[in-house]
Amino acid sequence: MARVFNFGAGPAVLPVEVLEEAQKELLDYKGSGMSIMEHSHRGKEYDAVHAEAIDNVRKLLKLSDDYTVLFIQGGASMQFAMVPLNLLGAGQTADYVDSGAWAGKAIKEAKLVGNVAVIANTGKDIPTRMPKNEDLKVTPGAAYVHITSNETIGGSQWKVFPKTESPLVADMSSDILSRPFDINQFGLIYAGAQKNLGPSGVALVVIRKDLADRVPAKVPTMLKYQTYIKENSLYNTPPTFGIYILSLVTRWMLKLGPEALYKQNVDKAARIYTALDSSAFYKGTAVKEFRSDMNITFRLPTEALEETFIKEASKLGMKGLKGHRDVGGIRASIYNAFPVAGVDALVTFMKEFEAKNS
Ligand SMILES: *Cc1c(COP(=O)(O)O)cnc(C)c1O
């Protein structure tokens, strides 16, 4: 078996242990004679999977009873719409930080629903960065304040979350459960699963329950958080296989320990950033203070060299290093499940490539 080093931004690398477990259980789930994919979402086998997935997330995020864990389809992109549909009342204003491509998409959806105030804008800054907390111009009485904890394309990451009077809402798609944080600072967080949690097709939402009661009556049933809260995310058929994989990934995280995982993430990123910082050939694209531990973005002296870099890396089994099509350059996505050996392979290759081409 030849597994490559998958630097792809999403869907992304999954822990080998998880894939092996899923493979082992694929045809005959725990002696039931069928795959978990073929089980009813109302049967006892799937019930246990669903319960474990929720319980694992509750443990990893240290959730109090004020918060509930939901699984919703439509990815993070549907949360761009669900958040304002549920939380932004008529006549109210929602505060948004524009920090890049993903924040921009969240803002676009919110504007379709109600009043939006962009309270800081670093979205087009080069090098990429997050705003400083003291520069946020929050609206008194805002319905909520929305941030993007990690800009997957620009490679910038919020390091210390702002403390806000209005409920803080965060798109954590690309750094969920990669580092410790205090959930009690947030009213709602959401994440498409396909970066740090599992396969695509399921989004994780953690919401402080009282916020769900704000929803206007006219919002369709499937777009109301209340529906998912009341029915434990089983109002209709949930993406059962995705939630099953998520249960295995979160089990893997608990086994490793969130602190150890965090340390490993910081260490992995530092190895690549050290290589960038000690080179005049490569140039990081994010401001140091805000550079991401998940998506490491950099440029080479020319686009032609970048193309060669990506091609040669691919031949060596390092895939998915091409930057997002909107910005170009190189992007190494090194989520929780990305192995240290892959980071070291990249660093070694970077040094060799530089020596040959500078
Ligand atoms: C990938 C990503 C999204 C989009 O997620 P989908 O599940 O494809 O809708 C949104 N926000 C961030 C920060 C992302 O990284």
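Whatever comes next refers back to the structure up there.
Residues numbered from 1 in each chain as written. Predicted model: local features only at pLDDT ≥ 70, side-chain atom pairs only at ≥ 80, totals over all residues. Heavy atoms only, no water.

Draft legend 1. Up close: the site of the ligand. Around the ligand, the structure places 13 residues, and the nearest of them are Ser77, Thr152, Asp171, Gln194 and Lys195. In this structure, Ser77 approaches the ligand through a side-chain N or O atom, which is 2.6 Å from an oxygen atom. Here the shell around the ligand is composed, by residue class, of three nonpolar, eight polar and two charged. (Near = heavy atom within 4 Å. Polar contact = N/O pair within 3.5 Å; in protein donor to acceptor, adjacent residues only side chain to side chain. Nonpolar A, V, L, I, M, F, W, Y, C, P; charged D, E, K, R; others polar.)

Draft legend 2. Just the sheet that holds strand β12 (residues 295–299), in detail. Judged by pairing direction, the sheet is antiparallel, and its three strands sit side by side in the order β11-β12-β14 without closing on themselves. Two strands close off the open sheet at either side, each with one partner strand: β11 (283–284) and β14 (330–333). Bridge analysis of β12 against β14 gives four bridges, and the strand direction is antiparallel. Of the residues in β14, the one forming a bridge with Ile296 is Ala332. (Pairing = 2+ DSSP bridges. Helix = DSSP H or I, 4+ residues; strand = E, 2+ residues; numbered from the N terminus.)

Draft legend 3. The pattern of salt bridges, seen in detail. Taken as a whole and assessed by the stated rule, the structure comprises 16 salt bridges. Note that Lys288 is salt-bridged to Asp277, the shortest N-O span being 3.9 Å. Taken together, the positions of Lys288 in the loop between β11 and β12 and Asp277 in helix α7 (residues 258–277) put the pair 11 residues apart, joining distant regions of the chain. A residue is classified by how much of its surface remains accessible, and Asp277, at 42% relative accessible area, is partly exposed. Here the salt bridges share partners, and the residues they tie into one network are Asp267, Arg271 and Asp344. (Salt bridge = Lys/Arg side-chain N within 4 Å of Asp/Glu carboxyl O. Buried < 20%, exposed > 50% of the residue type's maximum accessible area, 1.4 Å probe, protein only.)

Draft legend 4. Structural view of the packing of helix α3 (residues 75–87) against helix α4 (residues 101–113). For the pair α3 and α4, interaxial distance at closest approach is 8 Å and the crossing angle is 40 degrees. In terms of orientation, α3 lies oblique with respect to α4. The hand of the α3/α4 crossing is right-handed. Only Trp102, Lys105, Ala106, Glu109, Ala110 and Val113 of α4 make contact with α3, whose side of the interface consists of Phe80, Ala81, Pro84 and Leu85. Of the residues assigned to the contact of α3 with α4, the class counts are eight nonpolar, no polar and two charged. (Axes fitted to C-alpha atoms, helices over the stretch in contact; angles between N-to-C directions. Parallel < 35°, antiparallel > 145°, perpendicular 65-115°, else oblique. Left-handed = near helix turned anticlockwise from the far one by under 90°. Contact = heavy atoms within 4.5 Å.)

No statement about biological role is implied by the geometric values presented.
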